[in-house]
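So you can see what is in the structure, the chains are spelled out below.
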Amino acid sequence: MHEASIVSGLMRILLDHAARHGVRRIASVTVKVGRLRSVEPRALIGCFEVFAEDTIAEGAELLVESVPIRGRCDDCGAEMEIAGFVFRCDRCQGGRITVTSGQELYIDSFEATDALS
Ligand SMILES: [Zn+2]
């Protein structure tokens, strides 16, 4: 399953990062997910809960922040948000768009509770 492999990768990074900072317990995790990733936030949260079991992230809240798709027109240089997966320039109607955001998938931040100082 798509979301499971994503969460598995994110979890490895998260636990590694937490261990290096002496975090004992993770309260919440914020991930940024670009719309082009076609990730279903609810599925991601469900997978996270499963993967977090028996780790320091058990019971942590996963906050999924969606990053809109943005692009730049190769013809006129206009920058725009791309809605509904229509890759066409607002200004010159050109169809050559370079995607500049929307493919993100990373841990933006996490909150620790009871961290060792
Ligand atoms: Zn254009």
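Given the structure is predicted, the values throughout are model-derived calculations rather than measurements.

Rules behind the numbers
Residues numbered from 1 in each chain as written. Predicted model: local features only at pLDDT ≥ 70, side-chain atom pairs only at ≥ 80, totals over all residues. Heavy atoms only, no water. Pairing = 2+ DSSP bridges. Helix = DSSP H or I, 4+ residues; strand = E, 2+ residues; numbered from the N terminus. Axes fitted to C-alpha atoms, helices over the stretch in contact; angles between N-to-C directions. UniProt positions renumbered as here; feature names shortened; annotations may be inferred. Contact = heavy atoms within 4.5 Å. Donors = N, O, S within 2.8 Å, 3.2 Å for Na, K, Ca; no water. Buried < 20%, exposed > 50% of the residue type's maximum accessible area, 1.4 Å probe, protein only. 1 Å grid on protein atoms, 1.4 Å probe; cavity = no way out; pocket = protein on both sides within 12 Å on 5 of 7 lines; lining within 4 Å. Points joined across faces, edges and corners; volume = space filled by probe spheres on them. Nonpolar A, V, L, I, M, F, W, Y, C, P; charged D, E, K, R; others polar. Salt bridge = Lys/Arg side-chain N within 4 Å of Asp/Glu carboxyl O.

Colleague: With reference to specific residues and values, describe the sheet that holds strand β3 (residues 70-73).
Modeller: In space, the three strands of this open sheet follow the order β4-β3-β5, with antiparallel pairing throughout. Where the open sheet ends on each side, the last strands, each with one partner, are β4 (79-81) and β5 (97-101). This sheet shows a mean twist of 35° between the axes of neighbouring strands, independent of strand direction. Relative to β5, β3 is paired through four bridges, and the arrangement is antiparallel. Directly across from R70, in β5, lies its bridge partner S101.

Colleague: Please give an account of the UniProt feature "binding site: Ni(2+)" (unreviewed entry) in the chain that cites residues and values.
Modeller: In the UniProt entry, the feature "binding site: Ni(2+)" (unreviewed entry) is given for H2. With respect to the helices, strands and loops of the structure, H2 is situated in helix α1 (residues 2-20). Once residues within four sequence positions are removed from consideration, H2 is found in contact with R37, S38 and V39.

Colleague: Tell me about the coordination of the zinc ion, and name the residues and values.
Modeller: Bound to the zinc ion are the protein donor atoms C73 (SG), C76 (SG), C89 (SG) and C92 (SG), situated 2.3 Å from the metal. Along the chain, the residues donating to the zinc ion are arranged with the sequence spacing C-x2-C-x12-C-x2-C. Linking C73 in strand β3 with C92 in the loop between β4 and β5, this pair joins segments that are 19 residues apart in sequence. Look at C73 and you get buried, because its relative accessible area is 3%.

Colleague: Residues and numbers for empty space enclosed by the protein, please.
Modeller: Inspection of the entire model under this criterion finds one cavity of 30 Å³ or more. Reported here for the largest cavity is a volume of approximately 60 Å³. Lining the largest cavity, in full, are V7, L10, M11, L14, V29, V31, L44, F48, L62 and I107. Mapped by element, the contributors of at least two residues to the lining of the largest cavity are α1, β1 (25-34) and α2 (41-52). Looking at the lining of the largest cavity element by element, the count peaks at four residues for α1. Residue classes in the lining of the largest cavity are distributed as 10 nonpolar, no polar and no charged.

Colleague: Give a description of the pattern of salt bridges that names residues and reports values.
Modeller: Applying the stated criterion to the full structure yields three salt bridges. Notably, a salt bridge pairs D16 with R20, separated by 3.1 Å at the nearest N-O pair. A residue pair is termed a helical-turn pair when its members lie 3 or 4 positions apart in one helix, as D16 and R20 do in helix α1 at four residues. Between R96 and D75 there is a salt bridge, with its nearest N and O atoms 2.6 Å apart. Highlighted residues: R96 in the loop between β4 and β5 and D75 in the loop between β3 and β4, separated in sequence by 21 residues. Overall, R96 belongs to the partly exposed group, its relative accessible area being 48%.

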